[in-house]
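So you can see what is in the structure, the chains are spelled out below.
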Amino acid sequence: MAASTLGAAWLVNESDNLEKKKPKRIVKHKKKAWRVTEIEDVERYLESKRLDERLGAPFEERPSDSLFVVDTKAIADQPAKSEPTRKRKLKEIGPLKCYAILTPNSAVQDPLKSRNRVRLPEERGDPLLRKVMEERRARGKIATHFVQSMKHHQENVEALANKKKPERLRTTFDFDIWGEAGDYLMIGDKKVSALDLSDPLKTYTMEKIGKRIYGRPKSMFSKTTGLKQVEVPHPGTSYNPTFQDHQALLKEAYDVEAKEIKQEVKTRRRLGPMLKKIPIQRKEEQWWSEMTQGLGEEEEPANGAEVEVPCVRPTKPKTRRQKIRAKALKWQDMRRKKLKEAKKRLLEFDRLRSIRREIRKSEELTVKRMETRKKEKEAKMFKPAMLGKHKYEPPQIEVNLSEEIVGTLRGLKTEGHVLIDRYKSLQRRNIIEPRIRQTVVYKYKHKVFTKRSHSEPKGLKVGKRNNIPVQ
């Protein structure tokens, strides 16, 4: 069975050769003839030439073996082809069409001989120098910088191979990230640490539920404060307190109030002179005196008087004798300092007792400072830390006056609020940072416009009005 490898679409239409028009005989050295120049036959010839280059020789010159193939194998004998992978498909297809159009596929020579192009590395440089370098390289003489370059390249390759690869980001945590390292075992399809099996609760949870109990970091159990979650209130805040407890609570509230009043008086005393009201007339006089201060003091010299210029004498250079003397004094000073240091070093051996005493005192001072820091750290645990930009403000002391205490819960006047007490407790224990209430103030821009009755006339129009001509 013969099968044609080429379709009818590849054949050149020969009817074009039959329907050739007779060319017009026109004068071609005139500019008018440029517009009617016909080059269809030239283009047709070049197109057929390009087609022959793509397909090979013309069909009439090709042998029959290159155009037809005799199929001798049966279809049933061929084995079933496996499903090709994506990589194999791309390999069979060959280079992409977008890259194929970049390759030169025409035998037409470039009309511009000296066209600029990117030269290959072998074409660059002086050819004579290249020839000399090749001869030297054949004799075994290689340039030092080339040897160093190859050596550095090898070092970089080895360093890249020995470089520690970054750890892969974990997305499934099938291990205890906070627990200790240990051997892993498989229970079913779960990977379990051998340390987890030592805990009966973890083992039971793993076997029955199929989930593991993960450990928690030690930092979760470290205390940030020494205060209790619920502090015992002052006994004076009871609905039926004793006289001594109530008086002690009143004393605390009085001390806080007296401290605030004292601070307010101190602030007023300091800022009082700054906030004093000054009349406008006096204010203008002060401003005028400040602005004119020092203007009348500078008196210009008379035109005839001569201004005295201080005489500056030039520095006299040192003589040779003075330079030698200065150098000798400098050497003497250096020698004296060296002798002094050597003498001081010898005296250090005689005062070994005092040196030991100083070392002992410094060690005692270090121990004392460490104890002081430890005490300060312990005391800091009972104080609120600075977690934000706002400072912790303690709540007001909840106290009832003597006449407000009735001795029964029914008639007791309540002070404070439970939610405020819990909120302040969270701030004291460094669980949340101190905050202040944020208020939003909307500022609207006033629309200003001039009333029509108050606006001044800008001018009168001159010209036609109501189609009446102007006289």
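Note that the structure is predicted; figures quoted are calculated from it, not measured.

Some details on the overall build of the protein
Broken down by element type, the protein carries 14 helices and 4 strands. Every one of the 471 residues in the protein was classed for burial, and the buried ones make up 7%. Taking contacts inside the protein between residues at least 6 apart in sequence as the whole, the part at least 24 apart equals 55%. Accessible area of the protein: about 48200 Å², with a carbon and sulfur share of 56%.

Description of the pattern of salt bridges
On inspection of all chains with the given rule, the structure shows 11 salt bridges. Taking the shortest distance from any N to any O, the salt bridge between arginine 428 and glutamate 231 comes out at 3.7 Å. In this pair, arginine 428 is assigned in helix H14 (residues 418-428) and glutamate 231 in the loop between helix H9 (200-208) and helix H10 (243-271), connecting sequence segments 197 residues apart. Residue aspartate 255 is joined to lysine 251 by a salt bridge in which the shortest nitrogen-to-oxygen separation is 3.1 Å.

Focus on the packing of aromatic side chains
For the structure on display, the rule yields 1 aromatic pair. Each ring, one from tryptophan 287 and one from tryptophan 288, has its centre 6.4 Å from the other, and the planes form 45 degrees; the classification is tilted. Its end group placed over the ring of phenylalanine 146, arginine 137 keeps NZ or CZ at 5.3 Å from the ring centre.

Considerations on the side chain of histidine 246
Tracing the sequence through the fold places histidine 246 in helix H10. Contacts of histidine 246, omitting those with residues within four sequence positions, involve Gly236, Pro241, Asn400, Leu401, Ser402 and Ile405.

Brief notes about the confidence of the model for the protein
On average, residues of the protein score 79 in pLDDT, and 76% of them are at 70 or above. Scored below 50 in pLDDT, residues 1-16 makes 19 contacts in the model with residues more than four places away or belonging to other chains.

Section: helix H11 (residues 280-291)
Helix length check: H11, at 12 residues, gives a terminal C-alpha distance of 16 Å against a target of 16 Å (1.5 Å per residue), a fit within 8%. Little of H11 is tucked away: 0 of the 12 residues are buried.

Observations regarding a negative patch on the surface
Taken together, Glu38, Glu40, Asp41 and Glu43 make up a surface patch of like negative charges. Tracing the chain through its elements places glutamate 40 in helix H2 (residues 40-55). You can call glutamate 40 exposed: its relative accessible area is 54%.

Here is what the cut-offs are and how they apply
In every chain, residue numbers begin from 1 and rise along the written sequence. At least 70 in pLDDT is required for a residue's local features to be given in this predicted model, at least 80 for side-chain atom pairs to be given and counted, and no such filter applies to totals for whole chains, interfaces and linings, which use all residues. Hydrogen atoms and water are omitted, and side-chain values are computed over all heavy atoms in the structure. Helix and strand assignments come from DSSP, with helices taken as H or I runs of at least 4 residues and strands as E runs of at least 2, each series counted from the N terminus. In this scheme, a residue with accessible area under 20% of its type's maximum is buried, one over 50% is exposed, and one in between is partly exposed, where area comes from a 1.4 Å probe on protein chains only. Any two residues having at least one pair of non-hydrogen atoms within 4.5 Å are treated as being in contact. Only the protein chains shown count as covering a residue, and every accessible area follows the Shrake-Rupley method with a 1.4 Å probe. When a carboxyl oxygen of Asp or Glu is within 4 Å of a side-chain nitrogen of Lys or Arg, the pair counts as a salt bridge. Aromatic contacts are taken between Phe, Tyr and Trp rings whose centres are within 6.5 Å, Trp giving its six-membered ring; a plane angle under 30 degrees counts as stacked, one over 60 as edge-to-face, and the others as tilted. To sit over a ring, a charge needs its Lys NZ or Arg CZ within 6 Å of the ring centre and within 35 degrees of the ring normal. Confidence of the predictor at the level of single residues is captured by pLDDT, which takes values from 0 to 100. Every helix has an expected span of 1.5 Å times one less than the residues it contains. Two distance rules govern patches: like charges are joined within 9 Å, and nonpolar side chains (Val, Leu, Ile, Met, Phe, Trp, Tyr) within 5 Å, applied only to residues with over 30% relative accessible area and no salt bridge. Note on charges: Lys and Arg go in the positive column, Asp and Glu in the negative column, and His and the chain ends are not counted at all. Taken as the charge location is NZ of Lys, CZ of Arg, CG of Asp or CD of Glu.

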